[in-house]
Amino acid sequence: GEKPSDIAVLFRRVAECGAFAEALRQLGVKINMEDAVDASDPVVELMISILSVVNNPSDRLSKAKIARISMEGATTGAIIDSLLTDSDNTYLDSVPMVRKTLEAAEQLRGYPVSKAVESLVIELNLYDRVKEIKEVSLGKEKLDSIISSALKYENHALAMALPATLNGFIIHISGDDGISIPGDTEGVNILTMHKSKGLEWKNVIIGSLSDDELSDF
């Protein structure tokens, strides 16, 4: 029989690729698709907020985001209510992950960006913590991609003779491109028709053609 990597499924839109890939994942099928992840993803948002607090320990908004994402059952409304009664401004710093982030920040000063990012993932036990976040998939892969992106950012800055800073990396992964997760090279290839140009597979399945009626053809 054919290997999964000999099969390509092509779609017109990125969203269609994502939906089909998730369906195959649910069936336990290996897939080869580069997943783009933007800053609104809970794992990416959490990491950006952690890095922002390390970069600026007075960043209350980022601390509030860490509290909302990391604390079970926490909502924006509940956090606001707590802040309204927080007369001595200690509530956010008492949130476990915020407290650990502040502690880690002291140790990471002067670290290269990639080393600081990797150290935070390990020190805050994020590989396990992201498993507790509801509606999150591929948490480990997203964290690995963030670590990889930090190293690429450093190398790019070096090549351009620019300083590699924590704030610069935060801006980098907060942008439109965000991060991307590489696929499994042994899996079924899922991609848009546009990206498939110039590539070949033994078996090609067209997942979608057009929303328009074909009666004119």
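Scroll up to find the structure this text is about.
Report follows, based on the coordinates. (Residues numbered from 1 in each chain as written. Predicted model: local features only at pLDDT ≥ 70, side-chain atom pairs only at ≥ 80, totals over all residues. Heavy atoms only, no water.)

## Points about the nonpolar core
Grouped together as the largest cluster of nonpolar side chains are 41 residues, with contacts concentrated most on Met-47, Leu-51, Val-117, Leu-120, Leu-126 and Phe-169. Mapped onto this core, the elements with two or more residues apiece are α2 (42-55), α3 (60-70), α6 (96-108), α7 (113-123), α9 (139-159), α10 (166-174) and β4 (179-181). Leave out the neighbours within four places in its chain, and Leu-126 touches Leu-46, Met-47, Ile-50, Met-97, Leu-120, Val-121 and Leu-143. (Core = buried A, V, L, I, M, F, W, Y, C linked by side-chain atoms within 4.5 Å. Buried < 20%, exposed > 50% of the residue type's maximum accessible area, 1.4 Å probe, protein only. Helix = DSSP H or I, 4+ residues; strand = E, 2+ residues; numbered from the N terminus. Contact = heavy atoms within 4.5 Å.)

## Brief notes about the packing of α2 against α7
Where α2 contacts α7, the axes come no closer than 11 Å and their chain directions differ by 110 degrees. Judged on the interaxial angle alone, α7 and α2 are roughly perpendicular. Judged by the sense of rotation from one axis to the other, the crossing of α2 with α7 is right-handed. The segment α2 lies against α7, with Met-47, Ile-50, Leu-51 and Val-54 engaging Val-117, Leu-120 and Val-121. Tallied by class, the residues present in the contact of α2 with α7 amount to 7 nonpolar, no polar and no charged. (Axes fitted to C-alpha atoms, helices over the stretch in contact; angles between N-to-C directions. Parallel < 35°, antiparallel > 145°, perpendicular 65-115°, else oblique. Left-handed = near helix turned anticlockwise from the far one by under 90°. Nonpolar A, V, L, I, M, F, W, Y, C, P; charged D, E, K, R; others polar.)

## Here's the deal with the sheet that holds strand β1 (residues 7-11)
If you trace the 4 strands from one edge of the open sheet to the other, you get β2-β5-β1-β6, paired in parallel fashion. This sheet does not close on itself; its edge strands, each paired only once, are β2 (31-32) and β6 (203-206). Here β2 runs beside strand β5 (residues 188-192); their pairing, made up of 2 bridges, is parallel. Paired with Asn-32 across the two strands is Asn-189, which belongs to β5. Contacts between helix α1 (residues 14-26) and the sheet are confined to β1, β2 and β5, with β5 contributing the most and set at about 160 degrees to the helix. (Pairing = 2+ DSSP bridges.)

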